[in-house]
Amino acid sequence: MTDVTGVPASADVLRTLFRSEQGGHEQVVICQDRASGLKAVIALHSTALGPALGGTRFYPYASEEEAVADALNLSRGMSYKNALAGLDHGGGKAVIIGDPERIKSEELLLAYGRFVASLGGRYVTACDVGTYVADMDVVARECRWTTGRSPENGGAGDSSVLTAFGVFQGMRASAQHLWGDPTLRGRTVGVAGVGKVGHHLVEHLLSDGARVVVTDVREESVRRITDRHPEVSVAVDTDALIRTEGLDIYAPCALGGALNDESVPVLTAEVVCGAANNQLAHPGIEKDLADRSVLYAPDYVVNAGGVIQVADELHGFDFDRCKAKATRIFDTTLSIFARAKADGIPPAAAADRIAEQRMADARRS
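Residues numbered from 1 in each chain as written. Predicted model: local features only at pLDDT ≥ 70, side-chain atom pairs only at ≥ 80, totals over all residues. Heavy atoms only, no water.

A. Region of the structure containing the overall build of the chain. Scanning the chain from terminus to terminus reveals 15 helices and 12 strands. Overall, the chain is about 55 × 45 × 40 Å in size when its C-alpha atoms are taken along their principal axes. Sorting the 365 residues of the chain into buried and exposed places 56% on the buried side. Expressed as a percentage of contacts within the chain between residues at least 6 apart in sequence, the contacts between residues at least 24 apart total 66%. (Helix = DSSP H or I, 4+ residues; strand = E, 2+ residues; numbered from the N terminus. Buried < 20%, exposed > 50% of the residue type's maximum accessible area, 1.4 Å probe, protein only. Contact = heavy atoms within 4.5 Å.)

B. Here's a closer look at the sheet that holds strand S11 (residues 271-272). Read across the sheet, 6 strands follow the order S9-S8-S7-S10-S11-S12 without closing on themselves; strand pairing throughout is parallel. Single-partner strands in this sheet number two, and they are strand S9 (233-234) and strand S12 (295-296). As paired elements, strand S7 (residues 188-192) and strand S8 (residues 211-215) share 5 bridges and run parallel to each other. Residue pairing across strands places Gly-190 opposite Val-213, the latter belonging to S8. (Pairing = 2+ DSSP bridges.)

C. Focus on the environment of Ile-96. Tracing the backbone shows Ile-96 in strand S5 (residues 90-97). Its relative accessible area of 0% is what places Ile-96 among the buried residues. Residues Ile-96 and Lys-196 lie 100 residues apart in sequence; the distance between their C-alpha atoms is 19 Å. Other than its neighbours up to four places away in sequence, Ile-96 contacts Leu-38, Lys-39, Ala-40, Thr-56, Arg-57, Phe-58, Tyr-59, Tyr-61, Leu-108 and Tyr-112.

D. Broad picture of the packing of aromatic side chains. Evaluated as defined, the whole model comprises 3 aromatic pairs. Ring geometry for Tyr-80 against Tyr-300: centres 5.8 Å apart, planes inclined by 80°, an arrangement best described as edge-to-face. Here Tyr-80 is found in helix H2 (residues 64-84), whereas its partner Tyr-300 is found in helix H11 (residues 299-302), with 220 residues between them in sequence. Here the two residues Tyr-80 and Tyr-300 agree in accessibility, since each one is buried. Between Phe-317 and Phe-319, the aromatic rings sit 6.4 Å apart at their centres with planes inclined by 75°, giving edge-to-face as the arrangement. Of the residues examined, Phe-317 reaches a relative accessible area of 28% and is grouped as partly exposed. (Phe/Tyr/Trp six-rings, centres within 6.5 Å; stacked < 30°, edge-to-face > 60°.)

E. Focus on the pattern of salt bridges. Evaluated as defined, the whole model comprises 20 salt bridges. Between Lys-287 and Asp-291 there is a salt bridge whose closest N-O contact spans 3.0 Å. On the criterion of helical spacing, the pair formed by Lys-287 and Asp-291 is a turn pair, its members being 4 residues apart in helix H10 (residues 285-291). Residue classification places Asp-291 among the exposed positions, given a relative accessible area of 53%. Note that Asp-312 is salt-bridged to Arg-321, the shortest N-O span being 2.8 Å. If you follow the salt bridges from partner to partner, you end up with Arg-57, Asp-70, Lys-93 and Asp-128 in one network. (Salt bridge = Lys/Arg side-chain N within 4 Å of Asp/Glu carboxyl O.)

F. Layout of the nonpolar core. Among the nonpolar cores identified, the biggest contains 35 residues, and Leu-38, Ile-42, Ile-96, Tyr-112, Tyr-123 and Val-307 are the most heavily contacted of them. Residue assignment for this core shows that the elements contributing at least two residues are strand S1 (27-33), strand S2 (38-46), strand S3 (52-53), S5, helix H4 (106-117), strand S6 (123-124), helix H5 (133-139) and helix H12 (305-313). Take this core: its biggest share by element is 6 residues, from H4. Ile-42 has contacts with Gln-27, Val-28, Val-29, Cys-31, Lys-93, Ala-94, Tyr-112, Phe-115, Val-116, Leu-119 and Tyr-123, leaving out every residue within four places of it along the chain. Membership of the second largest hydrophobic core comes to 29 residues, among which are Met-171, Val-212, Ile-249 and Ala-297. (Core = buried A, V, L, I, M, F, W, Y, C linked by side-chain atoms within 4.5 Å.)

G. Quick look at the packing of helix H6 (residues 160-179) against helix H14 (residues 329-343). The contact between H6 and H14 brings their axes to 8 Å, and the two run at 40°. Taken together, the axes of H6 and H14 lie oblique to each other. When the axes of H6 and H14 are compared, the crossing they make is right-handed. Each of Gly-166, Gln-169, Gly-170, Arg-172, Ala-173, Ser-174, Gln-176 and His-177 in H6 lies in contact with H14, whose residues at this interface are Ile-329, Phe-330, Thr-333, Leu-334 and Phe-337. Of the residues assigned to the contact of H6 with H14, the class counts are 5 nonpolar, 7 polar and 1 charged. (Axes fitted to C-alpha atoms, helices over the stretch in contact; angles between N-to-C directions. Parallel < 35°, antiparallel > 145°, perpendicular 65-115°, else oblique. Left-handed = near helix turned anticlockwise from the far one by under 90°. Nonpolar A, V, L, I, M, F, W, Y, C, P; charged D, E, K, R; others polar.)

Have a look at this one:
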């Protein structure tokens, strides 16, 4: 998104909702269950295309205001992601406030499930940062509008598999657009964050013949990669990674805001294509990238494989059907690059226009 990130933690919530460009949300629900310690925010940005669909982030926010801001940003991003993925779903997102390593419990997840269920199907939840398949199995005991469950409980399992596959398709499209060949063979790709999605992405890149450099704040995540693939290089941190000489593609696969006033001027890569949500730290970064001739594959386009998977779960999950849909991320990304060139705008703005048109058409129908 070009205009949804960067809502300050101190922003007045009502002003953000009703008056700013970051607003426009249909419904925001503040949830609290004192017995379990649950504090959560569920934000529904749009149901124009269908029930809002988006994951549940469990994170130790510095403040409640920061949590609300994240829910607003992420839910609006989901509206755009679902629209460009061709799904009959609007955008929603939930955040649970707290350190999941310390406060996550069965009672808390059940309480959260009851809040989601109270929305009567207007919001369909799934996994995100800090939540996992096992957590969704618990939530589903109180809420039938829960996806990302285990196969044993009627779900599709880990959505990070197709998320990574979709990002790989976006990279292939970027290579086709920039270098005339949809292969990463011989290219050097830097992956920042090799957790749930990033480690699957590394496997795709290596299989395609790419050289890979990784970094992660968790040493064990890096070691999981290098133990299996000693040919993979390691950067000490993201700052070192983005400055790596000879880097062709930078893949941010951790938290948002990776593309900012500090990182963009020192990027050595010609392409940015990664799995993280809300990579643009604030409006104008997309132009800074374009001015430096860095091709940006919009995050909410290329990381849509996971939401394609969980949406399919509502209709009887079929992996092959989902993978076929995720493969089309290649064509969608190419069409965005073509629209950007035709309109003389950055790819992020072109993607926004296409998504906004689909949502507007749905509201009129």
